[in-house]
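Single-letter residue listing:
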Amino acid sequence: MATGLRIKTAAELRTSYLRQEMFPTIFCDGCGIGNVLNYTLWAIDEVGLDLDRTVFVSGIGCSSRLPGYINADGLHTTHGRALAFASGVKAANPDLTVIVFTGDGDGAGIGGNHLLHTIRRNMDITVILVNNFIYGMTGGQSAPTTPDGGFTTTTPYGNIEHPMDVCELAKALGAPYVARWPVVSPVQPVKSIAEGIRKRGFALIEMLTPCPTAYGRYNGLKALEQIWRWYREQTVLIDEWEWIEQFGSPEERERLRGKMKIGIFQDTERETFEDRWAALVARVKL
Amino acid sequence: MSTHRELIRRALGPRVQFVQGDDACAYGAVLAGCTFFAGYPITPATEVAERMAEILPRIGGCYIQMEDEIASMGALIGASWTGAKVMTSTSGPGFSLMQENLGYAIMTETPCVVVNVQRSGPSTGQPTMGAYGDMMQARWGTHGDHEIIMLCPASVQESLELTIVAFNLSERLRTPVLVFIDGELGHMRERLVIPEDHEFELWERPRATDRAGYRPFAPGPDLVPPFAPFGSGFRTFVTGLTHNEEGLPRASSATIHDQLVRRLAAKITNHLDLITRYEEFYADDCEIAIVTYGITARTCRDVVEEARRRGIKAGLLRLISIWPFPEHVVARWAERVRAMLVPEMNLGQIVHPIREAVAGRCPVVLHSRIGGELHTPAELLEALEALQWQPA
């Protein structure tokens, strides 16, 4: 796809896919959520999705505002429950494409249980989880993903809790498609979101996304150049990570500590809830 | 090729059955056209889910067991937005978990039916025993200003019939409707006659027809906005935030919030003629009235007959729709009677709106029973006799 990618300009994407009356967005300067929207629209364009037959579902939080900007059916639900609502949409009408926007607090914190069970059922839903390490909309409290030692308004002396790795969790639960990318490079996320949409089954694309206003200001990541450099330095491609773990020197292995693996964690096939339900109905219907 | 109605008939089986209240709620839902159920097991409501799990795939519907009651309510709302008629069932603890999403359904005008087979609380309480402990939670459990519709059957037959009514009201007014029974009625077996299709009406939610200029939350003349299901090309944005008629967030506008929330309440209170249901015995010459609801009303019917034999001019007002509270009906009785006895299987919940409606016109005496047992006729008779001899 890298060669075939037909890059539409932001203005073209905006005219084709967005609700003009919703602009300007609520996002702060330097926020990465706009990039995630941009990448998602590129992917949608690439896949050729019919927006009349696509439903965007979200919970509560900054990233959960995204469905409001897209000119399609949207369900902006309660905090943490996007996947439960999305499961209802998909189970009741499997012909619709369902895309979920959620955050780290929404999807992995309050909604963590729904994440486990939606993956277990293997609902054919694409989830774009925007991880900014913090509860941004409420002004910057610690999240399940806040890095070890990270400063937030509720961890003023540094975070003592171990952060959660959502992708490793999704992989362990058997999600057919799992990927994590930082927003600093557009091509891989666009490709992964498109693959996630095409994948029959649950797809999770975690986007590491800066929040200069809430996370950045307490952790020396407020200026754009700083942020983007940090995301490049703190992320390691899965292949490289595994190579270092296997063959790296003790110093190289030590340098992995606190960093984040990026890349495609899983790409496999698994029967979906909808397909199995349809088979069951075919078997027992009167 | 069978029609959907024929499939439903075959899935439900014989016309006359000996079944539980829980079963009857499931049957009523299927007859009403319910094709989607999301739920979570909980005593004493589990049999509703079990019946739906058996029936729905046989008629081409969908049953999904969710990870908790929060998810059940969420899935229900998602499914309703595809245009399906939807239901869930639960009991006290699960109903507590559903409150936030119940409010979301009210705010987003999403039709759905919730059956609550009540048990005793607080907390886990008495899982296998009947009680009416959620009567006020139903009214005020979810946060914010709102109206809710609740129906309270007193028999297995009525559980089926009122579940159909619940779907009709929910679709017609685009709002959640609650069917409240209890563990006693839910697990009690009685003769059930499954009505023929011509014996009941089915109402559908108003549908949007024109895409051009469609505003998803612009109300029709009866304050209910026409509905366009997801996937129909109307491109509807649905949010629990305060929204304008286009459905777009306007959370900081006092005017829009005021208009929206007052309309959501008024679309229900303006339709009391569709909602309000009650039953009266010996209303004409009643001096001492029993006012009650649910399974307790069945004991009270016998109590009133026995009291009459003993020379007490007793009567019974059985409330069938509890919310919105039928204030005018209770007020009318208060004009005529000397006293009201209110037996409840809780420490006093519906006695409060009753007292508000009576407004001091006659004494209102609560007779509570908790612990999972029904009121005995003897104790209620004694309470009536005490009121009979009380000086005016």
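Definitions and cut-offs
Starting afresh in each chain, residues are numbered from 1 along the sequence in its written order. Labels follow written order: the first chain is A, the first ligand is 1, and so on. In view of the model being predicted, local features appear only for residues whose pLDDT reaches at least 70, and side-chain atom pairs are presented and counted only at 80 or more, with totals across whole chains, interfaces and linings using the full set of residues. To get the side-chain values, take all heavy atoms of the structure and skip hydrogens and water. Helix and strand assignments come from DSSP, with helices taken as H or I runs of at least 4 residues and strands as E runs of at least 2, each series counted from the N terminus. Computation of the radius of gyration draws on C-alpha atoms, with the globule rule given as 2.2 Å multiplied by the number of residues to the power 0.38. Whether two residues are in contact is decided by their heavy atoms, any of which lying within 4.5 Å being enough. Each accessible area is a Shrake-Rupley estimate made with a 1.4 Å probe; only the visible protein chains count as cover when residues are assessed. Here Asp and Glu are counted as negative and Lys and Arg as positive; His is not counted, and neither are the chain ends. Just so you know, the charge point we use is NZ for Lys, CZ for Arg, CG for Asp and CD for Glu. The cut-offs for exposure are 20% and 50% of the maximum accessible area for each residue type, with area from a 1.4 Å probe on protein chains only; residues under the lower value are buried, those over the upper are exposed, and the others partly exposed. What makes two strands pair is DSSP finding at least two bridges between them. Axis definition: a line fitted to C-alpha atoms, over the contacting stretch in the case of helices. Angles run 0 to 180 degrees between N-to-C directions. Whenever two N or O atoms come within 3.5 Å, that pair is a polar contact, provided that in protein one can donate a hydrogen and the other can accept it, and provided that, for residues adjacent in sequence, both atoms are side-chain atoms. The term buried area denotes the loss of accessible surface (1.4 Å probe radius) that occurs when two parts are joined, taken as the sum for both partners. Salt-bridge detection follows one rule: a side-chain nitrogen of Lys or Arg within 4 Å of a carboxyl oxygen of Asp or Glu. Classification convention: Asp, Glu, Lys, Arg as charged; Ala, Val, Leu, Ile, Met, Phe, Trp, Tyr, Cys, Pro as nonpolar; all other residues, Gly among them, as polar.

A. Representation of the overall build of chain B within the structure. Helix and strand content of chain B: 14 helices and 16 strands. Computed over its C-alpha atoms, the radius of gyration of chain B comes to 21 Å, within 12% of the 21 Å expected for a compact globule of 392 residues. The principal-axis extents of the C-alpha atoms in chain B amount to approximately 70 × 50 × 40 Å. At a minimum sequence separation of 6, the contacts of chain B that also span at least 24 residues come to 76%. Accessible area for chain B stands at about 14,100 Å²; split by element, carbon and sulfur atoms hold 51% of it. Taking the average location of the 36 positive side-chain charges in chain B and that of its 47 negative ones, the two points are 4 Å from each other.

B. View of the overall build of chain A. The secondary structure content of chain A amounts to eleven helices and ten strands. Taking the principal axes of the C-alpha coordinates as reference, chain A spans close to 65 × 45 × 40 Å. Out of the 286 residues belonging to chain A, those deemed buried represent 56%. Across chain A, contacts joining residues at least 24 apart in sequence account for 71% of those joining residues at least 6 apart. Carbon and sulfur atoms provide 52% of the accessible area of chain A, an area that totals close to 11,900 Å². Separation of charge centres in chain A, based on 29 positive and 32 negative side chains, amounts to 3 Å.

C. Region of interest: the sheet that holds strand β2 (residues 73–76) of chain A. One open sheet accounts for nine strands, arranged β9(A)-β10(A)-β7(A)-β8(A)-β4(A)-β3(A)-β1(A)-β2(A)-β10(B); its pairing is mixed. Two strands lie at the open edges of the sheet, namely β9 (235–237) of chain A together with β10 (237–239) of chain B, each paired on one side alone. Direction aside, neighbouring strands of the sheet carry axes that sit 20 degrees apart on average. As paired elements, strand β7 (residues 177–182) of chain A and strand β8 (residues 203–208) of chain A share six bridges and run parallel to each other. Counterpart to Arg180(A) in the pairing with β8(A) is Glu206(A).

D. Quick peek at the side chain of Asp45(A). The residue Asp45(A) is located in helix α2 (residues 33–47) in this model. A distance of 2.5 Å separates a polar atom in the side chain of Asp45(A) from a polar atom in the side chain of Tyr17(A).

E. Summary view of the interface of chain B and chain A. The interface of chain B with chain A comprises 44 residues on the first partner and 41 residues on the second. Summing the contributions of chain B and of chain A, the shared interface buries around 3,500 Å²; its carbon and sulfur component is 62%. There are three salt bridges connecting chain B and chain A. Notably, a salt bridge pairs Arg211(B) with Asp52(A), separated by 3.9 Å at the nearest N-O pair. Counting every contact that joins chain B to chain A gives 19 residue pairs in polar contact (both at pLDDT 80 or more). Per element, the largest residue contribution to the side of chain B that touches chain A is seven residues, and it comes from helix α4 (residues 69–80) of chain B. Along the lines of polarity and charge, the residues of the side of chain B that touches chain A split into 24 nonpolar, 13 polar and seven charged.

On their own, these measurements won't tell you what the molecule is for.
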